[in-house]
Structures are given as C-alpha cells and as structure tokens.
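Tertiary structure, described
Listed below are the residues making up each chain.
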Amino acid sequence: LLHLGRLYNKLHNSPQAIHYWTKYISLTPYNVEVLYNLGNLYASQKNYEQAIAYFEKAVGYRPDFLEAWINLTLAYYEQRAYAAAEQAACQAVKISPENSRAHIGYGDALLMQEKYAEGFNEIEWRFAEKNYQMFSYPAPAWTGEDLNHQHILVMSEQGLGDIIMLSRFILELQSRYPQAKISFRCRPELISLFEHWPFDIYTDGQSVTGIDYAVALMSLLKLLNINPKQLSPPHHLNQINMPSIWPPEGKSLQRPSIGLVWSSGKGLTQSKRSIDPQLFIPLIKNNPHCDFYGLQKEGAKERCFTTLTNYTDLSDSLSSFIYTAAYCKSLDLVISVDTSVAHLAGSLNTPVWILLPFSPDWRWGSKGTSSYWYPSAYLARQEKING
C-alpha cells in the first residue's frame with residue numbers, strides 16, 4: 001500500500017495515490033510522512049478541509065514537523081481561517097526562526113487580520129527567498145534615517161500591479177523628506193506612467209551613481225509606518241499626459257463603455273487569479289446597450305467574442321501602459337481579475353470591479369466590498385472555492 005501510493009504519486013495520479021495511502025494510514029496511523037503527503041495531495045486538489053485534517057494529524061504526532069506547519073498555514077489561509085493560519089505560522093517560526101517561508105506565511109496571516117505593523121515587518125523576510133537572490137542594494141539599505149540632503153534610490157519589485165499600487169508611497173517619502181533627492185528604478189513597461197514625476201526615473205538594469213541609500217518599494221510600507229485604513233484616495237498618476245485615443249473609431253460616446261480583463265498573466269498564482277473569458281459572454285449579450293472593450297494584452301484574441309457586435313478587442317492598441325491608462329481613464333467601468341489593470345484603474349480613480357478568488361491576496365482584506373487602497377473599487381469575492 002505504501003509503495004503503490006508512492007508510485008501513483010510519481011505518476012501524478014492523485015486519486016489512486018490517495019486511495020492507497022488512505023488504506024495504509026488505516027493500518028499505520030502514525031506515519032507522519034504519509035499523513036503529510038496526503039495533506040499535500042488534497043491541497044493540490046483544493047480540498048483544503050481534508051488537507052488541514054491530515055496536516056493536523058502529522059503535527060500532532062510530530063510537533064516539530066516544520067514543513068507540515070508551513071503547509072498547514074497555507075491550507076488554513078486558503079480556507080479563510082486566518083487566525084488559525086497565524087497560529088500555525090507562529091509554530092513554524094518557533095521551530096525554525098530563520099525560515100523565510102514561515103515568516104512570510106505568518107505575515108500574510110497577520111495582514112489578513114489587519115495587523116499591519118506586525119505583518120509588514122514579517123514580509124521583509126521575502127529577501128531570503130530564492131526569487132530575491134538576484135536582488136541587491138547598490139548602496140546601504142535605508143532603515144529610517146533622515147533623508148534630507150541625501151540621495152535615495154527606490155527600487156521596484158514584485159509584479160506590475162504591485163509597482164503601480166505601491167509607487168504612491170514614493171510621493172509620501174518626498175513629502176516627509178522634502179530636501180531629499182529621490183530616484184526611482186522600475187520595470188521598463190511602466191516608465192511611461194511615471195515620466196511626469198519630479199524624480200529621476202531609471203529602468204531595471206540601469207546603474208545609478210551618487211546614491212546614499214537604497215530601499216525596496218514594498219519596504220516603504222514598514223519604514224513609513226503605513227496604515228491602509230488611513231489612506232487618502234490615490235493621486236500619484238493624476239498628471240499623466242494621456243494620448244488622445246477616445247472614443248475608438250466608429251464608437252459612440254453616448255453608450256456606457258466597459259473594459260474587461262480576465263487573466264493575470266504569468267506567476268505562481270496565475271490560475272487562482274484568472275477566469276475563463278467565456279464567463280463574460282452572458283454579461284455582454286445581456287447588455288446590448290453597452291459597449292465592451294477587451295483590455296487583455298497577452299495572448300491571442302479570444303475567438304469566443306468574435307460574433308458579439310458590442311465587443312471590441314483593444315489588444316493591438318496596448319503597446320504601452322500609457323495607452324492602457326488612457327483607456328482606463330476614458331471608460332465608465334473596468335471589470336478585472338486581480339492583476340495590473342485593476343491596480344491601474346483604481347489608481348486613476350476609475351470605477352473598477354475587481355474579481356477576487358475565495359481567499360485573495362492580503363491587500364484586499366478578508367471581507368467586504370470596498371478597498372482601503374482604491375475608493376473607486378468594488379470587490380466581488382468568490383463565494384466558495386472553485387465556485
């Protein structure tokens with residue numbers, strides 16, 4: 001039974017692996033490795049209730065089982081049991097105080113409960129993760145020193161949406177240290193959004209000389225002691241010089257215009273933050289008095305929309321984020337999954353409905369339809385896992 005479970009697991013046949021390992025556990029209930037493996041298999045199937053049950057058994061028999069505590073944290077998080085996730089992550093941190101995954105899981109659970117100061121401190125452990133191995137400061141890390149008469153480089157990180165969302169705090173940095181020189185290095189795709197700023201803007205890979213300090217963009221949340229509950233509406237993109245592209249040729253200004261985005265692009269959580277574009281078809285068909293526009297840049301044009309007369313694909317026009325911004329600013333509404341366009345629309349104070357998975361990223365909170373970050377956003381939350 002044990003080896004059959006292992007073989008089927010190697011063949012990626014989860015149902016059969018679960019079948020044989022469950023029989024094995026009925027005879028040998030104390031094998032924590034098999035309990036752990038069963039938890040992982042159920043988690044991969046998004047059956048988090050069963051995953052939690054097996055992870056709990058594993059740590060019950062072996063209280064110092066670090067990986068089981070870490071994966072138990074993730075399972076609790078996906079089940080919206082954020083207080084339990086915090087407790088599991090706390091145990092993982094106690095077992096291995098230098099484990100970055102344990103700290104980041106702890107931070108995410110804290111942030112979902114709006115324990116912001118503690119959570120922002122914990123997610124600083126991201127620099128120990130593998131995907132940050134190439135991230136290095138070209139000057140001493142800023143840890144809160146007086147920046148007046150100093151030159152600081154703010155370095156972008158994470159995805160495009162994170163950069164759009166967090167870049168507002170560079171202006172906050174300027175307001176607190178008006179005599180500081182600030183430079184910003186960010187992804188080349190986004191340069192057009194920040195060209196109007198009174199800072200030197202560099203793309204990733206460009207060297208910057210004469211700097212006294214450097215700081216990662218997300219670290220400003222901790223260092224500036226940001227409380228999302230106290231944020232004012234975003235204004236950091238208000239002065240963009242938008243290209244004149246509206247309305248699209250042949251379209252009327254008299255009809256409501258709605259932009260659509262259904263995929264978050266690449267990344268570990270891409271499948272969780274994307275939907276089948278065909279789910280938009282009833283919305284388009286049932287609202288013939290509205291014009292719908294596809295703001296999805298990546299991938300081939302969706303054939304499922306080709307017969308819809310009130311749908312226009314704009315992907316060929318989205319050569320730069322400045323054009324995406326111009327469309328977002330002109331539209332009456334944007335409906336988007338959790339991706340960069342949602343952050344862009346929210347930052348421009350355009351009405352945006354953001355489609356969130358059952359247990360979303362911490363920045364959207366655990367409940368409610370409004371957002372601390374974007375007053376113009378309506379949060380549409382998935383009611384059940386896979387639902």
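Scroll up to find the structure.
Residues numbered from 1 in each chain as written. Predicted model: local features only at pLDDT ≥ 70, side-chain atom pairs only at ≥ 80, totals over all residues. Heavy atoms only, no water.

1. Things to note about the packing of aromatic side chains
- Under the counting rule described, the total for this entry stands at 26 aromatic pairs.
- Ring plane angle 65° and centroid distance 5.4 Å describe the contact between Trp262 and Phe305, whose orientation is recorded as edge-to-face. Taken together, the residues span a long stretch of sequence, with Trp262 in the loop between strand 5 (257-261) and helix 13 (281-285) and Phe305 in the loop between strand 6 (291-294) and strand 7 (311-313) at a distance of 43 residues. No difference in accessibility class separates Trp262 from Phe305, as the two residues are buried. (Phe/Tyr/Trp six-rings, centres within 6.5 Å; stacked < 30°, edge-to-face > 60°. Helix = DSSP H or I, 4+ residues; strand = E, 2+ residues; numbered from the N terminus. Buried < 20%, exposed > 50% of the residue type's maximum accessible area, 1.4 Å probe, protein only.)

2. Points about the environment of Ser156
- Tracing the sequence through the fold places Ser156 in the loop between strand 1 (151-155) and helix 9 (160-166).
- If near-sequence neighbours (up to four positions away) are discounted, Ser156 is found in contact with Phe135, Ile163, Phe184, Arg185, Cys186, Arg187, Asp204 and Leu217. (Contact = heavy atoms within 4.5 Å.)

3. Topic: unusual backbone geometry
- Phi angles above zero are rare outside glycine, and Asn225 is one such case at about 55°.
- Along the chain, Asn225 falls in the loop between helix 12 (220-223) and strand 5.
- The exposure class assigned to Asn225 is exposed, which follows from its relative accessible area of 59%.
- Phi is positive for Asn349, which is not a glycine, with a value near 60°.
- Examined against the element boundaries, Asn349 turns out to sit in the loop between helix 15 (340-347) and strand 9 (352-356).
- Taking the relative accessible area as the measure of exposure, Asn349 reaches 33% and is therefore partly exposed.

4. Section: the pairing of strand 5
- A large share of strand 5 lies buried, amounting to five of its five residues.
- Judged by which residues are buried, strand 5 turns out to be covered on both faces: Ser257, Gly259 and Val261 on one side and Ile258 and Leu260 on the other are all buried.
- Pairing of strand 5 with strand 6 involves four bridges; the strand directions are parallel. Note that in strand 6 the partner of Leu260 across the bridge is Gly294.
- As judged from the four bridges shared by strand 5 and strand 8 (residues 333-337), these two strands associate in the parallel manner. (Pairing = 2+ DSSP bridges.)

Scope: geometric values only; no functional claims are made or implied.
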